[in-house]
Number of protein chains: 2
Amino acid sequence: MSRSGDIPMNAADASTAESRGRVVIERVSPEIDCGQFAIKRAAGDSVIVAADIFADGHDAISAVLQYWQHSTAGRPEDRREVPMRELGNDRWMAQFPVSQAGRYDYTLQAWIDRFGSWRRDVLKKAGAGEAAPIDLLVGAELIDEASRKAPKSDAARLLKSAKTLREVSLDGDEGSVVERLSGLLNEDLTGLIWKYSERRFATAYEKELAVSVDREKARCSAWYEMFPRSASAEPGRHGTFKDCEARLPYIAEMGFDVLYLPPIHPIGETHRKGPNNNPVAGPGDPGSPWAIGSKQGGHKSIHPELGTIEDFRRLVARSRESGIEIALDLAFQCSPDHPYISEHREWFRRLPDGSIQYAENPPKKYEDIYPFDFECDAWRELWQELESVVRYWIDQGVRIFRVDNPHTKAFGFWQWLISGIKSEYPEVLFLAEAFTRPKVMYRLAKLGFTHSYTYFAWRNTKWELTQYFTELSQTEVSEYLRPHLWPNTPDILTENLQFGGRPVFASRLILAATLGANYGIYGPAYELGESRPLAPGREEYLDAEKYEIRHWDIERLDSLQGLIGRVNRARRENAALQSDRNLRFHAVDNEALIAYSKSTDDLLNVVLVVVNLDPHYTRSGWVVLPLEELGLDPDQPYQVHDLLTDLRYLWHGPRNYVELNPHQIPAHIFRLRHRVRTERDFDYFM
Amino acid sequence: MSRSGDIPMNAADASTAESRGRVVIERVSPEIDCGQFAIKRAAGDSVIVAADIFADGHDAISAVLQYWQHSTAGRPEDRREVPMRELGNDRWMAQFPVSQAGRYDYTLQAWIDRFGSWRRDVLKKAGAGEAAPIDLLVGAELIDEASRKAPKSDAARLLKSAKTLREVSLDGDEGSVVERLSGLLNEDLTGLIWKYSERRFATAYEKELAVSVDREKARCSAWYEMFPRSASAEPGRHGTFKDCEARLPYIAEMGFDVLYLPPIHPIGETHRKGPNNNPVAGPGDPGSPWAIGSKQGGHKSIHPELGTIEDFRRLVARSRESGIEIALDLAFQCSPDHPYISEHREWFRRLPDGSIQYAENPPKKYEDIYPFDFECDAWRELWQELESVVRYWIDQGVRIFRVDNPHTKAFGFWQWLISGIKSEYPEVLFLAEAFTRPKVMYRLAKLGFTHSYTYFAWRNTKWELTQYFTELSQTEVSEYLRPHLWPNTPDILTENLQFGGRPVFASRLILAATLGANYGIYGPAYELGESRPLAPGREEYLDAEKYEIRHWDIERLDSLQGLIGRVNRARRENAALQSDRNLRFHAVDNEALIAYSKSTDDLLNVVLVVVNLDPHYTRSGWVVLPLEELGLDPDQPYQVHDLLTDLRYLWHGPRNYVELNPHQIPAHIFRLRHRVRTERDFDYFM
């Protein structure tokens, strides 16, 4: 460890730069857990880096941000540098772009800028009538020094400047001397000297920090979860991948771009669960797709009733043609009938009687599920086999995985698996389905999961939503955790959805789709407003698809299909909604109304969302906007264009009236239009 | 770097524990800059350590805090362990005592508690009527395992318990089974098993963190700064160390325990400054003691007019007899006449004409001062020579150094110097006199300075004081920076002191002595209320002692001597005032009144301070106290005993009236007395 007392006075060479280096670089941001973890970005984003940089005394400092693609590490010529600028109070900043998926690294370097210090001081002295010929000599020597590192043409220019400097007259009043010197020591010359000056005793920041860059879909996606076995058009027939194909136009029309399928593998028979989690299944009961494995195969096989591997590949290809990607479920656990059980008993925890320990969370028992033992002696073989499952499905064309309960598997396993896969396939995305304690969820995100399920489903009031999304978007968490918002899942039917009716289904969808750039719904249950709970007080579905095949009438007139299509179109057409940055909450004087905006960095696209959280009554209030922050002229009227109803309102000033009837549409998604034409504009038809 | 992808699948042995270790330890506190710097404590303090500790899944976790004296590092038998306990939300805590000056280290270890998990689960199962004989077998095997690591007698006990467990009857209702099992699996047995159970795949926190422990004086001290040359009893005679000796009873009576002397070395003659910083000195002018070095010697010599080295050693000894320690000034810079200039020109920055660069901060020039060049090629010899200066004065009995302008010397130098000295002499204290930018001040504290001058002199309003001292005492800063509060110094006569008169001298002293456990004044200027500035708008003294000898009439009747004595006695007699922890500000409904309390951890000593910041008018208001936090019964009256006036007031409830006339004493220093006798007490005379 490098700490006090460790400056080796006898190690002559190695320590010279360190000991004589006078510049300190500290409090670098972003930096997650002392650089242990990468921050996340999507291709096309930029990374803003800040740090405290200072030295003893009064010397001027130069600092640069250095970055490179990780794959080029070790080739110094591929390092790029961006000069940093001081923001005040010893805080420095610079930014760099990340254009490709993969890993980038960055670090900082800073040193005493001897020429910069001299230039600043000589001008001060000249201003006080104190500049002396010896001062000019000092500067000229520094220029000479730079010239020795410069190529011929630049060197000649530098030497000429040094000569001129030596000969500058210090006669005349302070003003004219300062003017003379400033003219000579102009930005051009200073830049040239900076370029070739020696970085004497430079301080290199001791860490190289990582950026994990994903493809754009990581920044913004709309998921639709659907059970293939329920996708049949005719009631009573087991759905197939072909039925899923037939459903693609419906899903595409609603504007989703990811279709996530629960596990598609053979389902175990031993301890198979019946409808409504009945511990005993009847003869025709299909069981839970998460009880993976039977004599028909395991994690690399397909449940025969869904089709063949060729059918699956065709579905992947057809989806892609509709602009939809297939996401598969990675549920690393086995039914008692999984081939692994007989072939690899060493991968499971065995009891003193030789039997295998089923999953439990006492007193709850899950006898249809055997968890892997990630601590077992054969852990290397187990881990590698599980990785081969991921590779198998990558070979079938899958590039997105939704990971089931990652928080019940070893952290180290995920870190190893994800980084290994991503170093070869940087385009692969992993969504962590961990509904667990906050620190565990944050850790999984740090370990490499692209997206994370959130507590969104249980954040309902204005206060709850504001607190939670401020934490997710305005703190360090935003650097490594990408929230994925789901108003429902096959396991989660919140109380709110049970009792709020269609207005809540509409408002929760709009909240999910606009608070988060990544969101999803479990359908058709969602668009059809399925709200019957297993029992009063339970947040599970009655007749859950997890345990039985359901037939859904997607043509129903009360479907939210149309609204969902409009919301997703608003997302597609407004870059502000495609990122989790720049989310800001705004005041409304009604506790049932929540207002927030999202905007692009250049403020060319600003979207304001107002949602009525009360599913019963019309609510109205005054929204207060920080006009200048949103790029609006406070003295001009502006237009707010509702992307759901296509209505346009003329607003003026920071306070404006809104009124929302939940039985119509419980929200506005306003695009703010900076300038409104008036009769005074000549081309008001344009 | 250890980051994603680095789990080596092929390195068979080394990585096993790491990969299979499932517990995470993160967000450890205190930990300064990723463990780069030590936290500070004084002997007798304790260190409270907290961390986020969690694993995947639902298993129970065990965690321990490990600590050791740095000098015993490498001897595992000297590591001590404290079990940590969970506070909720995956946060764990433990604490350890530091009893001796020197360095301590600490780290954490955590692992899956297999027996603890089993015990918790089997009791839950039993409660649900689900416990099965196989569950008992699993537990018995875990106990067997522990027995194999235990010495004979404990092993026998464990084996017996395992046997009993195997035979426990699971017949009867849930209640009786739970009772039976809980009886067997009691705390005693659980503790024994914990002691011998295998820490399988334990996670060792990756850093060892340091505590720099100082002797008690680092926690609490009262300094008196005095120019020896002005200590003569007769006007016109140059003061000597013998005069300082004569002044000791005066200083001791006021209650100070450190006497800090500005530099005592020979003073340069070239460019010597005259009174009031006159660039030309007259023939009899003594010059600034900070212009160190003449043909009579340098940093290891004594200015002949002050006395001899024997006189100095006698002063050190005599002071110690009065309970006072001598602090010396370390001003690492030279007058043009310093022997180093001719003997070691290589230690200074030379100009193209061969002359040495004097100190400057353009357009200001300090031609009587040559700074060392810490970047020079002979830096090793320079650093070592400066260290030998410190060692020389340690040999003369000095154990406290006040370091002049450390922020204009290389950070690396201080880190090396202080850690080297302290590893040999842990009792040595260094006070950093850096009045500069916040990040530089904080860095110096991190590098090892025991104490730091602060911005206290310029924090005057209630808002300023509250903000600043909340930052110093309630944030991470409190772990490494010990504030040293000075209302004045020979260089600093604040505007407030210039215009506020005696009430401000009194209130600023009380604020310094009670807001900070370490404070000091520059006297006799302070107790005699010296307030004449060099010029209007300047914060420097007229006729500053820095440039001339002053004669002070310490017997003056308007001296603050008596008040200072009472304040220092209150500090001596109240442990609450001897620490910077537990400072809390309290509401008062008058902007001119500030109220705060300090208390010992056990709340046996609680001191409440109320200060009138307005030097002109009597101010009154209602102080609001959080009674329960201060250990007071909200339903009982309590006594507040003013340690300055010895008056006692009976207060009741959280809101009480105070009124302070600045022309009497502008503050209360109340000792809160928890219980007041009433006529209902039998022994009310006791």
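Data block above holds the structure.
Residues numbered from 1 in each chain as written. Chains lettered and ligands numbered in written order. Predicted model: local features only at pLDDT ≥ 70, side-chain atom pairs only at ≥ 80, totals over all residues. Heavy atoms only, no water.

*Asks:* A description of the overall build of chain A should follow, citing residues and the corresponding values.
*Replies:* Counting secondary structure elements, chain A contains 16 helices and 30 strands. Projected onto its principal axes, the C-alpha coordinates of chain A cover approximately 105 × 75 × 45 Å. Burial status across chain A gives 58% buried among its 686 residues. Taking as baseline every contact in chain A between residues at least 6 positions apart, the subset at least 24 positions apart corresponds to 73%. Accessible area for chain A stands at about 28400 Å²; split by element, carbon and sulfur atoms hold 49% of it. Between the mean site of the 84 positive side-chain charges and the mean site of the 101 negative ones, chain A shows a separation of 1 Å. (Helix = DSSP H or I, 4+ residues; strand = E, 2+ residues; numbered from the N terminus. Buried < 20%, exposed > 50% of the residue type's maximum accessible area, 1.4 Å probe, protein only. Contact = heavy atoms within 4.5 Å. Areas by Shrake-Rupley, 256 points an atom, 1.4 Å probe, with all protein chains shown as cover. Lys, Arg positive; Asp, Glu negative; His and termini not counted. Charge placed at Lys NZ, Arg CZ, Asp CG, Glu CD.)

*Asks:* Which residues make up empty space enclosed by the protein, and what values do they have?
*Replies:* Over the atoms rolls a probe the size of a water molecule, and its path tells where empty space is left. Residues and elements named next belong to chain A. In total, this model carries 9 cavities of 30 Å³ or more according to the counting rule given. Approximately 110 Å³ is the volume attributed to the largest cavity. If you trace the largest cavity, you find it lined by Trp111, Ile112, Asp113, Arg114, Phe115, Leu142, Glu145, Ala146, Ile193, Ser197 and Glu198. Those elements that provide at least two residues to the lining of the largest cavity are strand 8 (102-112), helix 2 (114-127) and helix 3 (133-147). Looking at the lining of the largest cavity, the element that brings in the most residues is helix 3, giving 3 residues. For the lining of the largest cavity, the residue count by class is 6 nonpolar, 1 polar and 4 charged. (1 Å grid on protein atoms, 1.4 Å probe; cavity = no way out; pocket = protein on both sides within 12 Å on 5 of 7 lines; lining within 4 Å. Points joined across faces, edges and corners; volume = space filled by probe spheres on them. Nonpolar A, V, L, I, M, F, W, Y, C, P; charged D, E, K, R; others polar.)

*Asks:* Talk me through the pattern of salt bridges; I want residue IDs and the actual numbers.
*Replies:* Summed over the entire model, instances satisfying the criterion amount to 112 salt bridges over all chains. Salt-bridge contacts for Lys125 of chain B lead to Asp135 of chain B; the nearest nitrogen and oxygen are separated by 2.9 Å. Remark: Asp135 of chain B occurs in helix 3 (residues 133-147) and Lys125 of chain B occurs in helix 2 (residues 114-127); sequence separation between them is 10 residues. Taking the relative accessible area as the measure of exposure, Asp135 of chain B reaches 11% and is therefore buried. We note a salt bridge from Lys242 of chain B to Asp311 of chain B, for which the minimum N-O separation is 3.4 Å. In this pair, Lys242 of chain B is assigned in helix 7 (residues 241-254) and Asp311 of chain B in helix 8 (residues 309-321), connecting sequence segments 69 residues apart. Judged by its relative accessible area of 46%, Lys242 of chain B is partly exposed. Salt bridges sharing partners connect three or more residues here, namely Arg22, Asp56, Asp59 and Arg200 of chain A together with Glu375 of chain B. (Salt bridge = Lys/Arg side-chain N within 4 Å of Asp/Glu carboxyl O.)

*Asks:* Residues and numbers for the relation of the copies chain A and chain B, please.
*Replies:* Between chain A and chain B, which share one sequence, the superposing operator has a rotation angle of 180 degrees and an axial displacement of 0.0 Å; the RMSD is 0.1 Å. Overall, the copies show the geometry of a two-fold rotation axis. It is Cys34 of chain A whose C-alpha, among those of chain A, lies nearest the rotation axis, at 2.9 Å. Both copies present the same face, since 99% of the interface residues in chain A are matched by interface residues at the equivalent positions in chain B. (Least-squares fit on C-alpha atoms with pLDDT ≥ 70 in both.)

*Asks:* Could you give an account of the packing of aromatic side chains, with specific residues and numbers?
*Replies:* Inspection of every chain in the model, using the stated rule, returns 86 aromatic pairs over all chains. Measuring from centroid to centroid gives 5.4 Å for Trp651 of chain A and Phe670 of chain A, while their planes differ by 70 degrees, and the two rings are edge-to-face. Of this pair, Trp651 of chain A sits in strand 28 (residues 648-651) while Phe670 of chain A is found in strand 30 (residues 667-673), placing the two residues 19 residues apart along the sequence. Centroid distance Phe374 of chain B to Phe413 of chain B: 5.0 Å. Interplanar angle 50 degrees. Geometry classified as tilted. With a gap of 39 residues between them, Phe374 of chain B in the loop between strand 17 (370-371) and helix 10 (379-395) and Phe413 of chain B in helix 11 (residues 411-424) connect regions that are remote in the sequence. Accessibility assignment for this pair places Phe374 of chain B and Phe413 of chain B in one class, buried. The rings of Phe332, Tyr340, Trp347, Phe348, Phe372, Phe374, Trp379, Trp383, Phe413, Trp414, Trp416 and Phe449 of chain A are connected pair by pair, giving a single aromatic cluster. Here the basic side chain of Arg199 of chain A rests over the ring of Trp194 of chain A, its NZ or CZ set 5.9 Å away from the ring centre. One residue, Arg508 of chain A, lies across the ring of Phe456 of chain A, its end atom 4.1 Å from the ring centre. (Phe/Tyr/Trp six-rings, centres within 6.5 Å; stacked < 30°, edge-to-face > 60°. Lys NZ or Arg CZ within 6 Å of the ring centre and 35° of its normal.)

*Asks:* Account for the environment of Val168 of chain B, with residues named and values stated.
*Replies:* Residues and elements named next belong to chain B. Topologically, Val168 is positioned in the loop between helix 4 (152-167) and helix 5 (174-184). Here Val168 falls in the buried class, since its relative accessible area comes to 13%. Considered as a pair, Val168 and Leu184 are 16 residues apart in the sequence and their alpha carbons are 9.1 Å apart. Aside from chain neighbours lying at most four places away, what touches Val168 is Leu136, Arg180, Leu181 and Leu184.

*Asks:* Run through the interface of chain A and chain B, naming residues and quoting values.
*Replies:* Reports of interface size often rely on the accessible area that becomes lost once the parts have come together. Listed per partner, the contact involves 83 residues of chain A and 82 residues of chain B. Taken together, both faces of the contact between chain A and chain B bury some 7100 Å²; the carbon and sulfur share is 54%. At the junction of chain A with chain B, the criterion picks out 18 salt bridges. Between Lys365 of chain A and Glu130 of chain B there is a salt bridge, with its nearest N and O atoms 2.9 Å apart. Counting the contacts that link chain A with chain B gives 26 residue pairs in polar contact (both at pLDDT 80 or more). (Buried area = accessible area lost by both parts, 1.4 Å probe. Polar contact = N/O pair within 3.5 Å; in protein donor to acceptor, adjacent residues only side chain to side chain.)

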